[in-house]
Amino acid sequence: MRRYFGRKLLVYGLTFFVAVTVNWLIPRFMPGDPVQSMLSRANVSQPAAVEAMRLHYTSMFGFDQPLWRQYLNFWGALLRGDLGISIWLFPTPVTDVIVRAVPYTLGLLVPAILLSWVAGNRFGAFAARRRWLDNSVLPLGYVLTATPYMWLAILLAWALGIVAGIFPVAGAYSFAMRPELSWAFAGSLLQHWFLPFASLFLVAFGGWAIGMRNMIIYELEADYVTYLRSLGAPGRLVRRYAFRNAILPQITGLALQLGVLVAGALVTEIVFSYPGLGHLILQAVQNQDFFLLQGTFLFIVLGVLVANFVVDVAYVLVDPRTRAGMGGAA
Amino acid sequence: MRDRPRFLIPLLAAGLLTACSGGGTTTPSQASNPGGAAAPPGAGGGAFPRSQTLYTSGTQWGPPANWNPLREWDFATGTKGLVYETLFMYDPNTDKFTPWLAESGDWTGGKEYTLKLRPGVTWSDGQPFTADDVVFTFELGKMETVPYHPLWSWLKSVEKVDDLTVRFTFSKTNYQEWANHLYSRAIVPAHIWQGRTEDEVMNGANEKPIGTGPYVYQSHDQDRMVWVKRDGWWATKALGKDVKPKYIVDIVNSSNEVAMGMLLQKGLDLSGNFLPGIPNLVKGNFGIKTYYDQPPYMLPANTTWLLLNTTKKPMDDVNFRRAVAAAVDTKKIVEGVYGNLVKAAGPTGLLPQWDKYVDQSVVAQYGFTHDVAKAKKLLADAGYKDTNGDGLVESPTGARISLKLVVPAGWTDWMEAARVISASAKEAGIDVQADFPDYNALVDDRNAGKFDMVLNNDRQLSNTPWMYYDYVFRMPVQKLQTVTNFGRYENKQAWDLTQQLDQVKPDDIEGMRKITSQLQKIQLQDLPVIPLWYNGLWSQTTDSVWKNWPTSAAGTPKYPPTLWRNWLEMGGTLMLTELQPVSGG
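Note that this is a predicted model, so its numbers are computed, not measured. (Residues numbered from 1 in each chain as written. Chains lettered and ligands numbered in written order. Predicted model: local features only at pLDDT ≥ 70, side-chain atom pairs only at ≥ 80, totals over all residues.)

Turning next to the overall build of chain B. Per the secondary structure count, chain B includes 19 helices and 21 strands. On C-alpha atoms alone, chain B measures out to a radius of gyration of 26 Å, which is about the 25 Å that the 2.2 N^0.38 rule sets for 585 residues. Dimensions of chain B, computed from the C-alpha atoms along their principal axes, are close to 85 × 80 × 50 Å. Taking all 585 residues of chain B together, the buried fraction comes to 51%. Here the analysis covers contacts within chain B between residues at least 6 apart in sequence; of these, 70% occur between residues at least 24 apart. (Helix = DSSP H or I, 4+ residues; strand = E, 2+ residues; numbered from the N terminus. Rg over C-alpha atoms; globule rule 2.2 N^0.38 Å. Buried ≥ 20, exposed ≤ 12 C-beta atoms within 10 Å, placed from the backbone. Contact = placed C-beta atoms within 7 Å.)

Okay, here's the thing in structure tokens:
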């Protein structure tokens, strides 16, 4: 067991190093100069003033140093927990920007992904055994999954937000409120959270349900099921075994899903103007905010690695074969 | 063991959920009312009453990050205007200066300007506003990274004469530019800013802004900036002006579509977003208004130019440039791309507010219009012929001409316009391809002069056409052209005239016209830039909570309806004083 996790940790460590290095490299190979684009937005009318500011900010962000130096500085700062200062949201430290945005993104994505996974699997397993349900509701699942997410989100915002006026279309809580511990504020948070959540949930739900339904049908035709049935085992028991076998690929799917988690949030947060990591990324790219990009990607890399690790652990728990396979080592 | 994983996941979800909502409530509360002057008792429940709150958008595209009035490009909406004020106000539509923190200002000698300050103005921390603050603010410009540092190349000294009098001594009298400084520079409190290093001055977030203006900081979060009205704003007593909204909540938009949705839901009172379909909403019964109720709907704010790189062949040939100017079908852009939301520019490109500086006789003689036949004739006369029979001309030496017009990717209206320009150039036989690089890459290439053609609208409306000609003619051309003369056009005579224009007093309209007429002649003959259309001061208002918005209709205010950065001193603040609540208070 120890060797299994030791090896895993080593792989994760390497992945982290490579991913962070790539994150550092990519923005620097993008055409353009972040300081220059910041100043061209500044619209200062005097060329002389612009030149002085350009020199100042270039040396302030350390862009005047050789690349290898910048790279070493970057790791040095990173190990001290310093992600630098955002160019776009100058002079806010990147850590602050991310810390403020992360709760919203996680609050949106984690429930959406986990709930859709749980509900989708349950529903898929259930639907596999009901022909009428299989024929009527699953096509709907196909439609939901095949729907371009953007379109569904805009449709929801338009129908429930603008036409029906039930839900707000922007912000994380009412623009007339200040954060506080009260039912009214919690209600407002929930109200603003619902539409983006629902849009993510719906799209993911269809996918999980279809996957589970197919797996269950496959498992119910497997040899062990026939054997169990011939032994006279009750249907409930058979289904439970089938479900536990069918869930394995779904867990892998969940791990992958957690990987693209933030990418999914990007569109959601833009459509619903929800203040999370997603729209920070878009803005960081557009503004060539190297430091914010590095910070958000670092966060994503960490998130993906942690999620994968959790799934690795979960696999050991749910699949006895994994345990048996490393029994000797443990 | 068997059932553990099933419990595990919902538990994990629940745990994370509570962690998140906990985080969501605690994080923003760090931003609690350091403004100090006026705690909001009305907001006891944490809510801003709708009838006392003005909701705005369209300025802030990211979380508010600083309240530093010297950072004129990224301070939180309203930092200059609502908190920090300027010496004068300038109304571009009437071309009038209104004394604001200053009571009066005059040239008292050949190179001496004396400013009388308004008595009874106080900072929001209770300290009186005095000559020390003005002297301090202008002396900040001695720091190299302060954007108005170049002022000190022709300003010799700033002295306090007494508590309410300041004397400026110049080495060179750039009257036009000085008038611009008078209404553009936000005055900061010396007693608070004193002792700040250059780094703190330019790069400080200035979290507790203390100004003389009508509002103070209330709170902010990632998606909003909230200002609350301050008691004892000087203008109420001195000028009888009062801002009506108790709270101003400026909303950070992630997209114009979201702003449109909020506007329709009446969640916004004033939207400064570019909303392409707005003419339909104005005509329909949606309760949304713009400054004009017919084309172009908006007040003009800046000119979009087609800039040609005059250092490259064949754009270095004036006849070629004139052919391009005649080929571009601006009408198609105005109608087809914008649905008449913008106005076609005159040949000089001077905004309508500057009409009095346009010499119509020069325009009549040298101006250009869309005329494909003329474009073809100009090309033929200058030796551009189609030698290989592909319908597109080659240069007189027989070299193939294939040009690129670059526009930032994602700027959808400009991308469409670039396609129209490309199509209309083709009609005249010029091969111009629209190309959409990333904005940052475009800025790099444009500054370094590595482009053929580019669209640009960087220079905004201001008090003086000098700013406009400074943009068109500035010399010398540097290795990097960062803000002016991207086309790298060199004409010493034009630059001399531009500098002369700066030396004419703003009230000497005739003297200015004499110079602008000559500049227009050079500009129209040589066409270093091709003006295309006037962009609007995008602004949409709703009447559900606040009324008396500025419009072109009789009996309404005429100030620019906007909270855009650097527009509050051009009337945005005065617009707030004219607003009236629809009901109650």
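Residue and element names in this part refer to chain A. Under the UniProt annotation, "transmembrane region" (unreviewed entry) lies at residues 9-26, 97-119, 140-173, 193-211, 246-272 and 292-318. Between the end C-alpha atoms of residues 9-26 there is a gap of 25 Å, over a span that is 100% helix and 0% strand. Between the first and last C-alpha atoms of residues 140-173 the distance is 32 Å; the span itself is 65% helix and 0% strand. (UniProt positions renumbered as here; feature names shortened; annotations may be inferred.)

Below, the discussion takes up the packing of helix α12 (residues 277-286) of chain A against helix α13 (residues 290-318) of chain A. All names here are of chain A. At a minimum axis separation of 9 Å, α12 and α13 run at an interaxial angle of 145 degrees. When the axes of α12 and α13 are compared, the crossing they make is left-handed. Taking contact as the criterion, the partners of Leu 277, Leu 280, Ile 281, Ala 284 and Val 285 in α12 are, on α13, Leu 292, Leu 293, Thr 296 and Phe 299. Considering only residue class, the contact of α12 with α13 consists of eight nonpolar, one polar and no charged. (Axes fitted to C-alpha atoms, helices over the stretch in contact; angles between N-to-C directions. Left-handed = near helix turned anticlockwise from the far one by under 90°. Nonpolar A, V, L, I, M, F, W, Y, C, P; charged D, E, K, R; others polar.)

Residues and elements named next belong to chain B. Here Tyr 215 shows up in strand β8 (residues 215-221). Each C-alpha atom, one on Tyr 215 and one on Asn 253, is 22 Å from the other, the two residues being 38 residues apart in sequence. With near-sequence residues (within four places) excluded, Tyr 215 lies in contact with Gly 78, Leu 82, Val 83, Trp 227, Val 228, Lys 229, Arg 230 and Ile 248.

Moving on, we get to the pairing of strand β9 (residues 224-229) of chain B. All names here are of chain B. In terms of burial, β9 is a largely internal element, six of the six residues being buried. Sheet analysis places β8 next to β9, joined by six bridges and oriented antiparallel. Directly across from Tyr 217, in β9, lies its bridge partner Trp 227. Counting the residues that bridge the hairpin from β8 to β9 gives two residues. With five bridges joining them, β9 and strand β10 (residues 247-251) adopt antiparallel strand pairing. Looking across to β10, one finds that Val 226 is bridged to Val 249. (Pairing = 2+ DSSP bridges.)

Once that is clear, we can look at the interface of chain A and chain B. Of the residues lining the interface, 66 residues belong to chain A; the matching set on chain B comes to 64 residues. At the level of secondary structure, the elements contributing two or more residues to the side of chain A that touches chain B comprise α2 (34-42), α3 (47-60), α5 (94-127), α7 (149-163), α8 (183-220), α12 and α13 of chain A. Counting residues per element, the side of chain A that touches chain B draws most heavily on α5(A), at twelve residues.

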